[in-house]
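Geometric and topological summary
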Amino acid sequence: MVYLNYNNLDNETQLYLISKSKKDVEKRFGEQLRNYAREHNVNYDTLLEEEAIRNLYNYKYVFKI
């Protein structure tokens with residue numbers, strides 16, 4: 001098995017994973033993020049992207065070769 005982190009993946013895979021992560025974060029924390037963005041005058045899309053990237057670093061990527 002090969003253990004990789006998010007930075008070791010190619011660009012296409014990174015883009016795919018970030019889109020999946022955005023959906024996951026929005027599903028779990030969407031309302032909280034919208035409220036935070038509204039209260040602190042922060043762009044929601046930027047906040048969502050930052051949280052999605054932070055979420056990606058919590059995953060462990062394992063590949064069987």
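Residues numbered from 1 in each chain as written. Predicted model: local features only at pLDDT ≥ 70, side-chain atom pairs only at ≥ 80, totals over all residues. Heavy atoms only, no water.

**Focus on the overall build of the chain**
Stated precisely, the cut-off is as follows: Each helix is a run of H or I in the DSSP string that is no shorter than four residues. Each strand is a run of E no shorter than two, and both are numbered from the N terminus. It only takes one pair of heavy atoms within 4.5 Å for two residues to be counted as in contact. Only the protein chains shown count as cover for residues, and all accessible areas are computed by the Shrake-Rupley method using a 1.4 Å probe.
For the chain, the helix and strand inventory stands at two helices and two strands. Pairs at least 24 apart in sequence give 64% of the contacts found in the chain among residues at least 6 apart. Approximately 5,200 Å² of the chain is accessible, and the part contributed by carbon and sulfur atoms is 50%.

**Things to note about the pattern of salt bridges**
We count it as follows: Throughout this description, the term salt bridge denotes a Lys or Arg side-chain nitrogen within 4 Å of a carboxyl oxygen of Asp or Glu.
One pass over the structure, following the stated rule, counts five salt bridges. Residues D24 and R28 are paired through a salt bridge, measuring 3.1 Å at the closest nitrogen-oxygen approach. Of this pair, D24 and R28 both sit in helix α1 (residues 11-39), four residues apart, which is roughly one turn of the helix. For the salt bridge of E31 with R34, the shortest nitrogen-to-oxygen distance reads 3.9 Å. A residue pair is termed a helical-turn pair when its members lie 3 or 4 positions apart in one helix, as E31 and R34 do in helix α1 at three residues.

**Notes on unusual backbone geometry**
Just so we agree on the cut-off: Burial classes follow relative accessibility: with a 1.4 Å probe on protein chains only, a residue under 20% of its type's maximum area counts as buried, one over 50% as exposed, and anything between as partly exposed.
Although it is not a glycine, N41 adopts a positive phi angle of roughly 50°. Note on placement: N41 falls in the loop between α1 and α2 (44-56). Given a relative accessible area of 73%, N41 falls into the exposed group.

**Here we look at α2**
Helical periodicity: at 3.6 residues per turn, an α-helix aligns residues three or four positions apart in one direction. The criterion, for reference: Between the first and last residue of a helix there are one fewer steps than residues, each counted as 1.5 Å, and that sum is the expected span. Polar contacts here mean pairs of N or O atoms no more than 3.5 Å apart (in protein, one a potential hydrogen donor and the other a potential acceptor; neighbouring residues in sequence count only if both atoms are side-chain atoms).
Counted at 1.5 Å a residue, the expected span for α2 with its 13 residues is 18 Å, and the 18 Å between its end C-alpha atoms agrees. Along α2, the residues that are buried comprise Y44, L47, L48, A52, N55 and L56. Among the residues of α2, the N-terminal cap falls to N43, whose side-chain oxygen and the backbone nitrogen of D45 are separated by 2.9 Å.

**So, the nonpolar core**
Formally: Grouping buried Ala, Val, Leu, Ile, Met, Phe, Trp, Tyr and Cys residues that are joined through side-chain atoms within 4.5 Å yields what is termed a nonpolar core.
Formed by V25, L33, A37, Y44, L47 and L48, the largest nonpolar core amounts to six residues. Put simply, the parts of the chain that give this core at least two residues each are α1 and α2.

**Brief notes about α1**
This is how the line gets drawn: Note on bend: the value at a residue is the angle between axes fitted to the seven residues ending there and to the seven starting there.
Here α1 contains 29 residues, and its C-alpha end-to-end distance of 34 Å is more than 12% below the 42 Å for a straight helix at 1.5 Å per residue. Maximum bend of α1: about 80°, positioned at F29. When we look at burial in α1, the residues that qualify are Q14, L17, I18, S21, V25, G30, L33 and A37.

Read these as layout, nothing more, since geometry by itself doesn't imply function.
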